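A look at the structure
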Amino acid sequence: MTVRVRQLIAGRWRDGTGPRSESRNPARPGEVVADLAVATEPDLDEAVRAAAVAAAEWRLAAMHERAEVLGAAARLLDARAEEYGSELTREEGKTLAEGVGEVRRAAEIFRFNAGEADREAGEIYSSPRRGESIMVVRRPLGVVAVITPWNFPAAIPAWKIAPALVHGNAVVWKPASLVPLLAMRLAETLTEAGLPDGVLSLLLGPGALGTRLVEHPGVAALSFTGSTEVGTRLMQTCARLRKPVQAELGGKNAAVVLADADLDHAAAEVIAGAMRSTGQKCTATSRLVVDAAVEDALLDRVCRLAAGLRVGDGLRPDVDLGPAASADARGEILTAVEGAVAGGAEVLTGRTPYADTERAEGYFVPPTVLRLADPRLAVWRDEVFGPVLSVVRAAGRDEALRLANDSAFGLSGAVFTNDLDFVLRAMSEFKVGVLHVNSETAGADPHVPFGGVKDSGYGPKEQGRAARDFYTHTTTVYLRAS
Ligand code: UN1
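Cut-offs used in this document
- Residues numbered from 1 in each chain as written.
- Predicted model: local features only at pLDDT ≥ 70, side-chain atom pairs only at ≥ 80, totals over all residues.
- Heavy atoms only, no water.
- Axes fitted to C-alpha atoms, helices over the stretch in contact; angles between N-to-C directions.
- Helix = DSSP H or I, 4+ residues; strand = E, 2+ residues; numbered from the N terminus.
- Parallel < 35°, antiparallel > 145°, perpendicular 65-115°, else oblique.
- Left-handed = near helix turned anticlockwise from the far one by under 90°.
- Contact = heavy atoms within 4.5 Å.
- Phe/Tyr/Trp six-rings, centres within 6.5 Å; stacked < 30°, edge-to-face > 60°.
- Lys NZ or Arg CZ within 6 Å of the ring centre and 35° of its normal.
- Buried < 20%, exposed > 50% of the residue type's maximum accessible area, 1.4 Å probe, protein only.
- Polar contact = N/O pair within 3.5 Å; in protein donor to acceptor, adjacent residues only side chain to side chain.
- Near = heavy atom within 4 Å.
- Areas by Shrake-Rupley, 256 points an atom, 1.4 Å probe, with all protein chains shown as cover.
- Domains from an automatic or database assignment.
- Salt bridge = Lys/Arg side-chain N within 4 Å of Asp/Glu carboxyl O.

**Points about the packing of helix α4 (residues 96-114) against helix α5 (residues 155-166)**
One way to put it is that α4 packs onto α5 with a least axis distance of 9 Å and a crossing angle of 15 degrees. In terms of their interaxial angle, α4 and α5 are classed as roughly parallel. For the pair α4 and α5, the crossing hand works out as right-handed. Residues Glu 102, Arg 105, Ala 106, Ile 109, Phe 110 and Asn 113 of α4 pack against Ala 155, Ala 158, Trp 159, Ala 162, Pro 163 and Val 166 of α5.

Structure below.
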């Protein structure tokens, strides 16, 4: 069942010139999912050079021609959603429904971006001077580096690569080392859809390769999603080299539940936001702020739902939650929970690692809800990339909003209430890039901007028309007949 994965370099599928590497199934770590030879700096250099040549031609293609490739890729992904979805589950761990859903979502993202060809492509202004008009046209950046995380092996690459391509750029893509198989599937889909040679290269290798990619003089810009630590380092590199950068970093997203909320609905949404994809989303709900008046009633529901989640191999149809993606990921989650308990957090459900053979061998972690008396604990501040929800009580609305904003991050937030006044206040004062009213913190649609404020993001937002702002630059043309 092991798939031999290859690199896509300068239009050719081939092995990297580095040492061998593999990905394993996090539900059954004895099972090797993919094996490959990693890319090295000479491979990277070849990819970037080819991309520069390909970009010069690709940008001249009519936008509708570029869009046609994305449309064809969307159709292929839809047709293969079950197949690639189950590979995604084997390689990353999320449930089959989540894996298949993510492949379909990638198709939807390609379709939206194909539609860019039919939308306005610039602006015309009147001029203060007689006989002149002013146009603002958009041009591609050239070769862009795309660096993506393991938690959405299909959707995040799609929402970076699709707009980059449709706006006329070439892409050199370095995905996370944990998910080479899905990366190859996405790249194969694009080449089969008719993408010309060299316009997309796929480089599979260690993190250091990503740094070299960003530093390469042939690379014009970087779109990155991943940890705050790596992202900050790459942002500094980009600043030094004066390259535009778009970085989507961590989150520590809060849901606020006020006393008037529909508690059954709020609990279901909070648990979905906290636990789906095993909590391994930067948009996951990791903090819950609950009005003291409904604390017991809400937590009773939240804990019942968390404890009822069925945790196991995501390929099994009766499972709600797959494993953490790696041994390291699992270790970090368990360490964060133990640290919180040592600091005085009260365990409402979860914490205890599974003892049965299957789940002790796989990287499984129990859905965990912690009640904190003290919001200064690390578990309240630092991102825990796993199914862990920390709860604090608020005495009324002002304190609820203050606690929700008590974070260095500002990606996403949710408020559960029908109080229009509070909703309007949250719209202006809850410091997040994505705000949900009466729905979970996670999720993103292809046609609207996605990204955070504060430490959660840097540079133009992703997706929707916002992506165009990053993947193109404007040239202002003063147009006059002589
Ligand atoms: C979602 O909530 O569906 O890495 C998308 C992440 C985010 C994407 C979340 N960049 O989790």
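**What about the packing of aromatic side chains?**
Aromatic rings considered in pairs are described by the distance between their centres and by the relative angle of their planes. Applying the stated criterion to the full structure yields three aromatic pairs. When the ring centre of Trp 380 is taken as origin, the NZ or CZ atom of Arg 287, which lies over that ring, is 4.8 Å away.

**Describing unusual backbone geometry**
If you check the backbone angles, Ala 10 has positive phi at about 55 degrees while not being a glycine. When you line up the elements, Ala 10 lands in the loop between β2 (7-9) and β3 (12-14). Given the relative accessible area of 26%, Ala 10 is considered partly exposed. The backbone of Lys 454 shows a phi angle near 50 degrees, a positive value even though the residue is not glycine. With respect to the helices and strands, Lys 454 occurs in strand β21 (residues 453-454). The class of Lys 454 is partly exposed, set by a relative accessible area of 33%.

**Here we look at the environment of Ser 86**
If you trace the backbone, Ser 86 turns up in helix α3 (residues 81-92). The class for Ser 86 is partly exposed, based on a relative accessible area of 24%. With 160 residues separating them in the primary sequence, Ser 86 and Gln 246 have C-alpha atoms 30 Å apart. Apart from residues no more than four positions distant in its own chain, Ser 86 is found in contact with Leu 96 and Leu 315.

**Thoughts on the environment of Asn 438**
You can see Asn 438 is positioned in the loop between β20 (434-437) and β21. For Asn 438, a relative accessible area of 24% corresponds to the partly exposed category. Sequence separation of Asn 438 and Asp 262 is 176 residues, and the distance between their C-alpha atoms is 9.0 Å. Not counting chain neighbours up to four residues away, the residues in contact with Asn 438 comprise His 265, Glu 269, Val 415, Phe 416, Thr 417 and Asn 418. A polar contact of 3.0 Å, which involves the side chain of Asn 438, links it to the backbone oxygen of Thr 417.

**Concerning the site of the ligand**
Near the ligand, the surroundings consist of 13 residues, among which Arg 105, Glu 248, Cys 282, Thr 283 and Gly 443 are the closest. Cys 282 is positioned with one of its backbone polar atoms (N or O) 2.6 Å from an oxygen atom of the ligand. Take Gly 443: an N or O atom from its main chain is 2.7 Å from an oxygen atom of the ligand. Taking 320 Å² as the accessible area of the ligand by itself, protein coverage stands at 98%. Counting contributing residues per domain, the shell around the ligand is built from domain 1 (3-249 + 456-480) and domain 2 (253-437), each supplying no fewer than three.

**Observations concerning the domain arrangement of the chain**
Here the domain parsing of the chain yields domain 1 (3-249 + 456-480) and domain 2 (253-437). Put simply, the middle of domain 1 and the middle of domain 2, counted by C-alpha atoms, are 31 Å apart. Contact with domain 1, which involves 22 residues of that partner, is made by 26 residues of domain 2. Viewed at the interface, domain 2 and domain 1 are joined by one salt bridge. For the salt bridge of Asp 313 with Arg 28, the shortest nitrogen-to-oxygen distance reads 2.7 Å. At the surface where domain 1 touches domain 2, the tally comes to seven residue pairs in polar contact (both at pLDDT 80 or more). Looking at the side of domain 1 that touches domain 2, the elements that each hand over two or more residues are β5 (28-37), α3 and α4. For the side of domain 1 that touches domain 2, the leading source of residues is α3, giving four residues.

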